[in-house]
Structure formats: structure tokens, C-alpha cells
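Chains, contacts and geometry: an overview
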Amino acid sequence: MTVSAKTDLSQVDRRILRALQEDGRMTIQALADRVGLSASPCLRRIRQMEQAGIISGYSAVVEQRSVGLPVSVFISIKLERQRAEELDRFGEAIAGWPEVMECYLMTGQFDFLLRVVCADLAAYEQFLRQKLTQVAGVSSIESSFSLGQVKFSRVLPI
């Protein structure tokens, strides 16, 4: 099963994906009942979507405040130059930093947008001084602190 576009997914595949996104721990039988299949064909479709890379993994969603990381910082990064080597170098530099939850290559005024989590302002300052400002080629860093989360979802509208 090679799926290259959203329209290549059957309605049953879409129902399976929606259900798994909402509750990835449900049993195959419960999932099959929910989408109107028997267990074997349901499991076969899941395995096909895993092999095709549509389902890339399974994980638990952890509430960041409950583990002592209540601060979310959105950081806009501008590089001195936007050549492929510099873009790649920045991506490689931050790839192993656990504080960086998301990083996007952007169009517009800034080159990258990061979401970083930390315990408090002092932890963010340490991250900024010891990691982010040490990356060669960074010309500007603009930080915006989240006051609260209005919406968070990992469920894609499929």
C-alpha cells in the first residue's frame, strides 16, 4: 500500500486513523468495531499504513506542567546567511537538544521558529546562553513567552 496523497486513503483508512489519533491504546477489536471491520482486516490496514509511513509511530502525550516544564517559549531565529549549508548546520546543532520540542524552517522575516519548553525563566536563560547563542551563524534571536495554551491537538483533520 503506497499512499502519496490524502485522496488515496479510503474512507475506512481515514476512520481508522481518526480513531487511533483520538485513542491509540484501544484494542484492535475495539478499533475494528468502531470502524465497521473485523479485527484481521483492520489490523492488516494498520500494518499497511505503518509500512507506507502514514502511521509513523505511537506515543504517550505527557502534560508538560505535570513534569515540571510549565514554560513554553517560541523563538524566532534569523541566520546570517540562508545557504543550504547554514540551514543544515543550524538544524543539526539543535537536533539533539531535548528542550526543543518543534523546529520549523520558515519563510518571511525569520529563518526558523522553535518551540522550547523549560522549568522557568532561569532555565531558559541557561538554554539561551549555553546552547542557542553558541550556534555559529545565528544573527538574531527573538523570544516570545506563552501565557497559556488555548488549543493543542495532535489529531489531524483527515
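In this report, we go over the structure that sits alongside the text. (Residues numbered from 1 in each chain as written. Predicted model: local features only at pLDDT ≥ 70, side-chain atom pairs only at ≥ 80, totals over all residues. Heavy atoms only, no water.)

**Details of the environment of Asp33**
- On the secondary structure map, Asp33 appears in helix H2 (residues 28-35).
- The class for Asp33 is exposed, based on a relative accessible area of 54%.
- Polar side-chain contacts of Asp33 include one of 2.8 Å to the side chain of Gln29. (Helix = DSSP H or I, 4+ residues; strand = E, 2+ residues; numbered from the N terminus. Buried < 20%, exposed > 50% of the residue type's maximum accessible area, 1.4 Å probe, protein only. Polar contact = N/O pair within 3.5 Å; in protein donor to acceptor, adjacent residues only side chain to side chain.)

**What about the packing of aromatic side chains?**
- Under the defined criterion, the tally for this structure stands at four aromatic pairs.
- Both rings, one in Phe90 and one in Phe112, keep their centres 4.5 Å apart while their planes meet at 35°; by these two values the pair is tilted. A residue pair is termed long-range when its members are at least 10 positions apart, and Phe90 in helix H4 (residues 84-94) and Phe112 in strand E3 (residues 112-118) qualify at 22 residues. As far as burial versus exposure is concerned, Phe90 and Phe112 are alike and both buried.
- Taking 5.6 Å as the distance between ring centres and 90° as the angle between the ring planes, the aromatic pair formed by Trp97 and Phe127 counts as edge-to-face. Here Trp97 is found in the loop between H4 and strand E2 (100-105), whereas its partner Phe127 is found in helix H5 (residues 121-130), with 30 residues between them in sequence. With respect to burial, Trp97 and Phe127 carry one shared label: buried.
- Ring pairing ties together the aromatic residues Trp97, Tyr124, Phe127 and Phe145, which thus form one cluster. (Phe/Tyr/Trp six-rings, centres within 6.5 Å; stacked < 30°, edge-to-face > 60°.)

These values are about where atoms sit, not about what they do.
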